[in-house]
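What follows is each chain in one-letter form.
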Amino acid sequence: MEESFKPSPNMLRLYYTYTSLAVLPLAVLGLVVFWLVSVYRPTLAYYFAVCFFVPLVIAACFVLYWAPKYYQSVNYRLTDEEVIVERGVWWRMKHTVPYSRVMSVDTVQGPISRRFGLATVDVYTAGYTGVAGGSGGPGARRAEASIIHVSHFTETRETILGMVRGRSLFAARPGDVGAEIIAELRKIREALKS
């Protein structure tokens, strides 16, 4: 079994919504301040407009440029043995998590994501704390692999949990050197018993 999929196309709408929620209040605030500056210090109004609105427009245009490229870069694969997450526009990242190492699988869904029918499936392994460290409190522990902005998050979570169930933690995979060593040790143990 190998299932390959991408985030929901609604991911782009979600990113554009986040951008508008950040840019629109700043633009309104900028217009109010611009009006005040133009009334009380008209000579500074032009400089304020350039210094405030140009970076704001550049940031919004950057998100409009970057979001589709990021969407195209994200790819998820569920194989017989592992979860593989690939993403990145400029810096490509590939996270591979064997099912035998998985400790928990969580779904995270914020209010705006819920509106678009999206959620993130986080895959955690034993002892993995990521950048935040182990003492950062609830939500501070980062997942080793995050399947972000998918619409079929419940099915994805259940598929991963189905692959994890029945596997012993840190089990050696067939063909691993560890599996061969364990088999040889069992033979030695049986030979010593007889």
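In what follows, the structure referred to is the one given above.
Colleague: So what's going on with the environment of aspartate 80? Which residues, and what values?
Modeller: Mapped onto the fold, aspartate 80 is located in the loop between strand 2 (75-78) and strand 3 (82-87). With 80 residues separating them in the primary sequence, aspartate 80 and isoleucine 160 have C-alpha atoms 10.0 Å apart.

Colleague: Hey, could you go over the sheet that holds strand 6 (residues 119-125) for me, with residue numbers and the actual values?
Modeller: Ordered in space as 5-6-7, the 3 strands form an open sheet in which the pairing is antiparallel. Two strands lie at the open edges of the sheet, namely strand 5 (102-108) and strand 7 (145-150), each paired on one side alone. Between one strand and the next, the sheet's axes are offset by a mean angle of 15 degrees, whatever the strand orientation. Two strands pair when backbone bridges link them, and strand 5 and strand 6 are joined in this way by 6 bridges, in the antiparallel orientation. Among the inter-strand pairings, serine 104 is bridged to a residue of strand 6, identified as tyrosine 124. Where helix 4 (residues 153-164) meets the sheet, its contacts fall on strand 5, strand 6 and strand 7, and the angle it forms with strand 5 comes to roughly 175 degrees.

Colleague: Break down unusual backbone geometry for me, citing the residues and quoting the values.
Modeller: Residues other than glycine seldom take positive phi values, yet histidine 149 does so here, at roughly 55 degrees. With respect to the element layout, histidine 149 can be found in strand 7.

Colleague: Account for the sheet that holds strand 1 (residues 3-5), with residues named and values stated.
Modeller: Spatially, 4 strands are ordered 1-2-3-4 in an open sheet, and the strand pairing comes out antiparallel. Where the open sheet ends on each side, the last strands, each with one partner, are strand 1 and strand 4 (93-98). Put simply, the sheet's adjacent strands are angled 10 degrees from each other on average, direction ignored. One ladder, built from 3 bridges, connects strand 1 with strand 2; its direction is antiparallel.

Colleague: Which residues make up the pairing of strand 6, and what values do they have?
Modeller: Here strand 6 lies mainly inside the structure; 7 of its 7 residues are buried. Pairing between strand 6 and strand 7: 4 bridges, direction antiparallel. Paired with alanine 119 across the bridge in strand 7 is valine 150.

Colleague: Give me the packing of aromatic side chains: which residues, what numbers.
Modeller: What the rule picks out here adds up to 9 aromatic pairs. Measuring from ring centre to ring centre gives 6.4 Å for tyrosine 15 and tyrosine 70, while their planes differ by 25 degrees; the resulting arrangement is stacked. Of this pair, tyrosine 15 sits in helix 1 (residues 10-40) while tyrosine 70 sits in helix 2 (residues 42-73), and the two are 55 residues apart along the sequence. Residue classification places tyrosine 70 among the buried residues on the basis of a relative accessible area of 11%. Measuring from centroid to centroid gives 5.1 Å for phenylalanine 52 and phenylalanine 53, while their planes differ by 85 degrees, and the two rings are edge-to-face. On the basis of relative accessibility, which here comes to 21%, the residue phenylalanine 53 falls in the partly exposed class. Members of the aromatic cluster, connected to one another through ring pairs, are Tyr15, Trp66 and Tyr70.

Colleague: Can you explain the nonpolar core? Please cite residues and give values.
Modeller: By size, the foremost hydrophobic cluster in this structure holds 28 residues, and its most contacted members are Tyr76, Ile147 and Ile160. Counting only elements with at least two residues in this core, the list comes to helix 1, helix 2, strand 2, strand 3, strand 5, strand 6, strand 7 and helix 4. The element contributing the most residues to this core is helix 4, with 5 residues.

Colleague: So, a nonpolar patch on the surface: which residues are in play, and what are the values?
Modeller: Taken together, Val28, Val32, Trp35, Leu36, Val39 and Tyr40 make up a surface patch of nonpolar side chains, about 630 Å² in accessible area. Assessed through its relative accessible area of 43%, valine 32 is described here as partly exposed.

Colleague: Can you explain the packing of helix 1 against helix 2? Please cite residues and give values.
Modeller: Two quantities define a packed helix pair, namely the angle between the axes and the distance from one axis to the other. Their axes nearest at 9 Å, the elements helix 1 and helix 2 cross at an angle of 175 degrees. Our classification of the angle between helix 1 and helix 2 gives roughly antiparallel. Taken together, the residues of the contact of helix 1 with helix 2 break down into 29 nonpolar, 3 polar and no charged.

So, how was this worked out
- Residues numbered from 1 in each chain as written.
- Predicted model: local features only at pLDDT ≥ 70, side-chain atom pairs only at ≥ 80, totals over all residues.
- Heavy atoms only, no water.
- Helix = DSSP H or I, 4+ residues; strand = E, 2+ residues; numbered from the N terminus.
- Pairing = 2+ DSSP bridges.
- Axes fitted to C-alpha atoms, helices over the stretch in contact; angles between N-to-C directions.
- Contact = heavy atoms within 4.5 Å.
- Buried < 20%, exposed > 50% of the residue type's maximum accessible area, 1.4 Å probe, protein only.
- Phe/Tyr/Trp six-rings, centres within 6.5 Å; stacked < 30°, edge-to-face > 60°.
- Core = buried A, V, L, I, M, F, W, Y, C linked by side-chain atoms within 4.5 Å.
- Patch = residues over 30% accessible without salt bridge, like charges linked within 9 Å, V, L, I, M, F, W, Y side chains within 5 Å.
- Areas by Shrake-Rupley, 256 points an atom, 1.4 Å probe, with all protein chains shown as cover.
- Salt bridge = Lys/Arg side-chain N within 4 Å of Asp/Glu carboxyl O.
- Parallel < 35°, antiparallel > 145°, perpendicular 65-115°, else oblique.
- Nonpolar A, V, L, I, M, F, W, Y, C, P; charged D, E, K, R; others polar.

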